Number of protein chains: 2
Amino acid sequence: MSPTVGVIGAGQLARMMIPPAVELGIELRVLAETEGESAGLAVTTVADYRDASSVVEFARGVDVLTFDHEHVPQDVLAAVVAAGIPVHPRPSALLYAQDKLLMRERLGGLGLPMPDWARIETAADLTAFLDAHGGRLVLKTARGGYDGKGVRVVGSAAEAADWLERGEPLLAEELVDFRRELAQLVARRPSGDAVLWPVVESVQRDGVCAEVIAPAPASAGRIADLAGDIAMTVAEQLDVAGVLAVELFETTDERLVINELAMRPHNTGHWSIDGSTTSQFEQHLRAVLDLPLGDTGCRDSWSVMVNVLGGPGSGSLTDRYAVALDAQSGVKFHSYGKESRPGRKVGHVTAGGDDLEETVYRARAASEFFRN
Amino acid sequence: MSPTVGVIGAGQLARMMIPPAVELGIELRVLAETEGESAGLAVTTVADYRDASSVVEFARGVDVLTFDHEHVPQDVLAAVVAAGIPVHPRPSALLYAQDKLLMRERLGGLGLPMPDWARIETAADLTAFLDAHGGRLVLKTARGGYDGKGVRVVGSAAEAADWLERGEPLLAEELVDFRRELAQLVARRPSGDAVLWPVVESVQRDGVCAEVIAPAPASAGRIADLAGDIAMTVAEQLDVAGVLAVELFETTDERLVINELAMRPHNTGHWSIDGSTTSQFEQHLRAVLDLPLGDTGCRDSWSVMVNVLGGPGSGSLTDRYAVALDAQSGVKFHSYGKESRPGRKVGHVTAGGDDLEETVYRARAASEFFRN
C-alpha cells in the first residue's frame, strides 16, 4: 500500500506537493474549497474546511493529515484527532501559527529574540505603546493575516479605529530597524529528527515575498548559526512536525529577531525545488509521514527565486512560454495553474549559478517575460 | 488556457511526465489500457489503444498526442492525424521505432554505422547468415519486442523454428564484439531545433537496463562527438519530434554502431530527472508542444541511475522507505506505483557526486534496500 497523505487546501503549496508525491509513490488526497483550484489534479473532495464532519470524512484512510494553509479551526482539528487520524503539524503546535498573540507570548516565554510587542485591546493600550516606541508601530490582527493582509503601520489610535471596534485583541510590534529580512526553514519528524536548509534572504515588495536568495549572502558563520539555533528551538519547543518557516529580521545592529512563523512549506523555500537535493515539498511529505529526512545541501552556489505576479493584462502564465523559455533555457519555471489577476502570485522562477549578480539577473529577466 | 498533451499509455514513462507537467502548467491527459496503472493520477480515458475511434475521441481537444510506448498501430495514428490532431513523433517517424527491419533499411540508406544484418524469411536465409557470421547471430522479431523480449541468440535454424513458422519476417544481426553499451538521447522540436544530453553508459542485465552512468566514463571528445552526430542525424533524417534514444554498441575496436531506437523518454535518460537541468520528461513535453528546449547541462560531475526490480517477495517499493531513505539521504528515489513482481521494473534511484566509484556505490546500496 502507498503511504497516503491528506492535505487541507488546494493552493499552490498543495500543488507543489504533487511532483514529489508522484516520485516517492505517495498517494496525495487534497480537500479543496471549490473546483478548479491550483492543486486540482490531486483533489479528492470539495468541501468547507471549517466543517468538522466533512474534514473527518475526507481524512478517513489517510496515514496523516496536513495543510496547505493555517486556517483550519482548532475544533475541526480536534475532531480529526478524536477520530484517531494523525495530524501534523499537531493542532497544539499549529495554534502558534494561527494566532500571532499566542505566538509572541509563547516565544517570549522561551526567551527567543523578538521585536517589542504588546497585546492591544483598547485605544489607550495602543496610545501607550505608541508613546513608548517613537509614535509609530506595526499593528496586526492576531488571526487570519497573510501576504500583507491583516498588517498596517499606524501612528495613532484613530488610524486603527476600525480594527479596535471589532473587540478582538490586536498585536502591536515596534517598527524594527532592519537591514534585511531572512528566513530559516527547518523540517522535523514527529519522532524528533530535524534538518535545516541554509538561511535565505527574502526581499519583500508591498508586503509580499518577491525574491529569495539562497543562501543569504554573507550569512555563513554567525548569522547562519544564530538563525539555525532559533528555528531548531522553535521546532523542538513547539513540537512542530513538517516544515517550519521562521521569518527573521536582521537588524542594523546585527541581531536577529523573529517576525513570523509558518508551519507548512513556505514561499521562502520554493528555491529548494530546483536548488536543494531535497525540496521543502518532498521533505514536508517525508516529515509528516515520519519517514527519514533527505539531504538539504545546495545544488548550486546560488539559487535565486523570483515570484511571478499577475499584471494588468489577462492571460495565463503559459501563454508567454515560447518567449520566456527561449530566452532563459536554464531557468526553471513553475506555474500555479491560476488565472492571472493583478498582484496575484501565479508562479515563480528559479535560477542557479556560481555568480550571484548574474544569477539574480537571469531569474529577474525570466520572471519579467510573464508580467502581462 | 493550459497547453494540453495527450499521452497513449499509462506506464512509468507517462507517470514521470506528471511532475514536469504540473510545474510547467501543462494539462496531461493519459489513455490507459486498464484501471490502476502507473500514471493513474493523470488518466482521463481507459480504452484500447488499437481502436481508432476510441483514440480519436480521447485525443480531441489536446494540442498534441504523444506516447508512453511505441505499439500504437499506424492505422490508428492515421485516423488521429486525419482528425486534425497533431501527433509527435509523427507516425512516419514512429514507424522506424515500431519495425526493426524498416529501421535497419532506413538507417543503412543513410550510411549510419550498424551491425551486419539481414532480413530473414526462411530457414535457408538464417543458415546463410549464420555461415557468414561465425555460426551465431542475434535474431529479433521485427515488431513488438522490448526489454529482452523478441530477442534471442541462435546457432541454428532449428533454434528459431517457432518464430520462422509464424511467417513474419525476422531480423538477423551479427553478434557485435562490444566493450560496452552507450545511449545518446536527443530532443527535437517539430520546427527543427534539437539538443543533446551527454552520451551515457548503460549496463544491461538479462536484456534489461540495470544501471546508467552519466556521462559515460572516458567519453569526452571523440566518443561523445560520434554519438552526438549519429543521434542528430537520425533525429533530423527521420524527422523525429520529442525525445529520441539511440542505443549504441561501443565495439572493442572503438567504433560505435546503432543497436536500437526509441522515440520517447527512455530508461537510459531517467538520470536526467535529478542530474540534468532539464529532464527528458520535461523536455519531451516541451518538444512535442514545439516550445523552446531547456538546458541539458549536468547538475553533478557524475549521475548514476540504478533500476529497482521486484524481487521474490511481495510488497511495494514504499514498504522499504524507512530503511532506504535513512541510509541514503542524498539519493533520489522514484517509485512507479506498481505492485512488485520478480524482475519487474518498479522504480529507480539516482545518486549524484564528484567521485564516480562512491556515487555508484551509493546508488547501488540504495537500490538494494528495495529488493525484496
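Thresholds applied
Residues numbered from 1 in each chain as written. Chains lettered and ligands numbered in written order. Predicted model: local features only at pLDDT ≥ 70, side-chain atom pairs only at ≥ 80, totals over all residues. Heavy atoms only, no water. Least-squares fit on C-alpha atoms with pLDDT ≥ 70 in both. Contact = heavy atoms within 4.5 Å. Pairing = 2+ DSSP bridges. Helix = DSSP H or I, 4+ residues; strand = E, 2+ residues; numbered from the N terminus. Axes fitted to C-alpha atoms, helices over the stretch in contact; angles between N-to-C directions. Polar contact = N/O pair within 3.5 Å; in protein donor to acceptor, adjacent residues only side chain to side chain. Expected span 1.5 Å × (residues − 1).

Q: How should the relation of the copies chain A and chain B be read in this particular structure?
A: Note that the two copies of the chain are related through a rotation about an axis and a translation along the same axis. Mapping chain A onto chain B calls for a screw motion: a turn of 180° about the axis and a shift of 0.0 Å along it, with 0.0 Å RMSD after fitting. Seen this way, the second copy is the image of the first under a two-fold rotation axis. Closest approach to the rotation axis among the C-alpha atoms of chain A is made by Pro19(A), whose C-alpha sits 2.1 Å away. An overlap of 100% is found between the interface residues of chain A and their copies at the interface of chain B, pointing to a shared contact surface.

Q: Help me out: how do you make sense of the sheet that holds strand β2 (residues 27–32) of chain B in this one?
A: Across a sheet, paired strands are connected by hydrogen bonds in the backbone, their directions being either parallel or antiparallel. Residues and elements named next belong to chain B. Ordered by their spatial adjacency, four strands build an open sheet running β3-β2-β1-β4, and the pairing between neighbours is parallel. In the strand order of this sheet, the two ends are held by β3 (43–46) and β4 (64–67), each with one partner. Within this sheet the neighbouring strands show an average axis-to-axis angle of 25°, counted without direction. By the bridge criterion, five bridges tie strand β1 (residues 4–8) to β2 in an arrangement that is parallel. The partner of Val5 across the bridge, within β2, is Leu28. Contacting β1, β2 and β4, helix α11 (residues 280–288) crosses the sheet at an angle of about 145° to β4.

Q: Please clarify how the environment of His133(B) should be interpreted in this entry.
A: Residues and elements named next belong to chain B. Relative to the helices and strands, His133 is located in the loop between α7 (123–132) and β6 (137–141). The spacing of His133 and Leu256 is 123 residues in sequence and 19 Å in space, taken between C-alpha atoms. Among all residues touching His133, those that are not within four sequence positions of it are Asp116 and Glu174. From its side chain, His133 meets the backbone oxygen of Phe129 in a polar contact 2.9 Å long.

Q: Would you take a moment to explain the sheet that holds strand β7 (residues 151–154) of chain A for this structure?
A: All names here are of chain A. With antiparallel pairing, four strands are arranged side by side in an open sheet as β5-β8-β6-β7. Each edge of the open sheet is held by one strand with a lone partner, namely β5 (117–120) and β7. Within this sheet the neighbouring strands show an average axis-to-axis angle of 30°, counted without direction. The strands that helix α6 (residues 100–109) touches are β5, β6 (137–141) and β8 (170–173); relative to β5, the one it contacts most, it runs at about 140°. Across the sheet, helix α7 (residues 123–132) is in contact with β5, β6, β7 and β8; its angle to β5 comes to roughly 160°.

Q: What exactly am I supposed to notice about helix α9 (residues 222–237) of chain B here?
A: Turn by turn, an α-helix covers 3.6 residues, leaving residues three or four places apart pointing in a common direction. All names here are of chain B. Taking 1.5 Å as the rise per residue, α9 with 16 residues should run 22 Å; its terminal C-alpha atoms sit 22 Å apart, in good agreement. Where α9 is buried, its residues meet α6 (100–109), β9 (178–188), β10 (194–196), β13 (242–251) and β14 (256–262). Asp239 sits one or two positions beyond α9 and adopts a positive phi of about 55°.

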